[in-house]
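# Observations on the model geometry
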Amino acid sequence: DVKVTQSSRYLVKRTGEKVFLECVQDMDHENMFWYRQDPGLGLRLIYFSYDVKMKEKGDIPEGYSVSREKKERFSLILESASTNQTSMYLCASFPNLFDRANQPQHFGDGTRLSIL
Amino acid sequence: AQTVTQSQPEMSVQEAETVTLSCTYDTSENNYYLFWYKQPPSRQMILVIRQEAYKQQNATENRFSVNFQKAAKSFSLKISDSQLGDTAMYFCAFMSYNNNDMRFGAGTRLTVKP
């Protein structure tokens, strides 16, 4: 069964720490995404990547960076964590356009991150 | 950028009855995809149903069906014969045909009551 795996289900960090959230997919998808989910706001796109070493800013990239050195792995980095980054973070991967009609998108189980 | 609006933050329905969740979106594109995702308390995002904009026929998956009104930019989800396991957050989402980013609505929390 295909999977998107996020490294942590729950994570607690302190203000000012550098935080890494890891996401790995085993479907050979080109596109990977990081979202944050907050009550009343739904899922908001932070960054996405459509190929190795490629990245695009989403709607709320401030305070975040990403890394995609290998096709299967997409990392979200909080350079200096702040309390307003306490949230649920979801990773997703999608195939390229020509596959999309036949292959569904997949999401990880989410990381609930608390910044104290 | 495209926007997706779900105007119902919370809804409830009695078991075995039918409920409709609303979604509207804004885009200038002609070709795109629309989705409904379900997120139960387990947090796993589950694709419920998908509609391609160029298809006029409304998508159906068992008890789930959509009413896609392209001109009105409306994409509602109908759940028939509601079951307790349908209790979840439901997100409407839009994906452009020409690029790969997806936009979500704020979600509707559906509770199915016994």
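All values reported here derive from a predicted model rather than from experimental measurement. (Residues numbered from 1 in each chain as written. Chains lettered and ligands numbered in written order. Predicted model: local features only at pLDDT ≥ 70, side-chain atom pairs only at ≥ 80, totals over all residues. Heavy atoms only, no water.)

## Digging into the overall build of chain A
Keep this limit in mind: Runs of H or I in DSSP of at least four residues are treated as helices and runs of E of at least two as strands, each being numbered from the N terminus. As defined in this context, the radius of gyration uses C-alpha atoms, and a globule is described by 2.2 Å times the residue total to the power 0.38. Here a residue-residue contact requires only that any non-hydrogen atoms of the pair lie within 4.5 Å. Shrake-Rupley sampling with a 1.4 Å probe provides the accessible areas, and residues are treated as covered by the protein chains on show and by no other component. In this charge count, Lys and Arg are treated as positive and Asp and Glu as negative; neither His nor the chain ends contribute. Throughout, a charge is located at the NZ atom of Lys, the CZ atom of Arg, the CG atom of Asp or the CD atom of Glu.
A count of helical and extended segments in chain A gives one helix and eleven strands. In terms of overall size, chain A behaves like a compact globule, its C-alpha atoms giving a radius of gyration of 14 Å where 116 residues would be expected to give roughly 13 Å. If you line up chain A on its principal axes, its C-alpha atoms span 45 × 25 × 25 Å. Sequence-distant contacts, at least 24 apart, represent 57% of the contacts inside chain A between residues at least 6 apart. Carbon and sulfur atoms form 49% of the exposed surface of chain A, whose accessible area is close to 5600 Å². Positive and negative side-chain charges in chain A, numbering 16 and 16 respectively, have mean positions lying 5 Å apart.

## Digging into the sheet that holds strand β1 (residues 4-6) of chain A
The strands making up a sheet are joined through hydrogen bonds of the backbone, oriented either antiparallel or parallel. Residues and elements named next belong to chain A. Selection criterion: Strands are labelled as partners when DSSP assigns at least two bridges between them. Fitted lines through C-alpha atoms serve as axes, helices being fitted only where they are in contact, and the angles separating the N-to-C directions of these axes extend from 0 to 180 degrees.
If you walk across this open sheet you meet the four strands as β1-β3-β8-β7, and the pairing is antiparallel. Strand pairing shows two members of the sheet lacking a second neighbour, β1 and β7 (64-70), which therefore form its edges. Neighbour-to-neighbour, the strand axes of the sheet open up by a mean angle of 20°, direction not taken into account. With three bridges connecting them, β1 and strand β3 (residues 19-25) associate as antiparallel partners. By the bridge assignment for β3, valine 4 is matched with glutamine 25.

## What to know about the interface of chain B and chain A
Selection criterion: Put simply, buried area is how much 1.4 Å-probe accessible surface two parts lose in total, over both of them, once they are put together. One speaks of a salt bridge when a side-chain nitrogen belonging to Lys or Arg is within 4 Å of a carboxyl oxygen belonging to Asp or Glu. Here a polar contact means two N or O atoms within 3.5 Å. Within protein one must be a hydrogen donor candidate and the other an acceptor candidate, and residues neighboring in sequence count only if both atoms are side-chain atoms.
Each partner contributes residues to the interface: chain B has 23 residues there, and chain A has 30 residues. Between chain B and chain A, roughly 2100 Å² of surface is buried when both sides are summed, and carbon and sulfur atoms account for 49% of that area. With a closest N to O distance of 3.0 Å, arginine 103 of chain B and aspartate 59 of chain A form a salt bridge. Counting the contacts that link chain B with chain A gives eight residue pairs in polar contact (both at pLDDT 80 or more).

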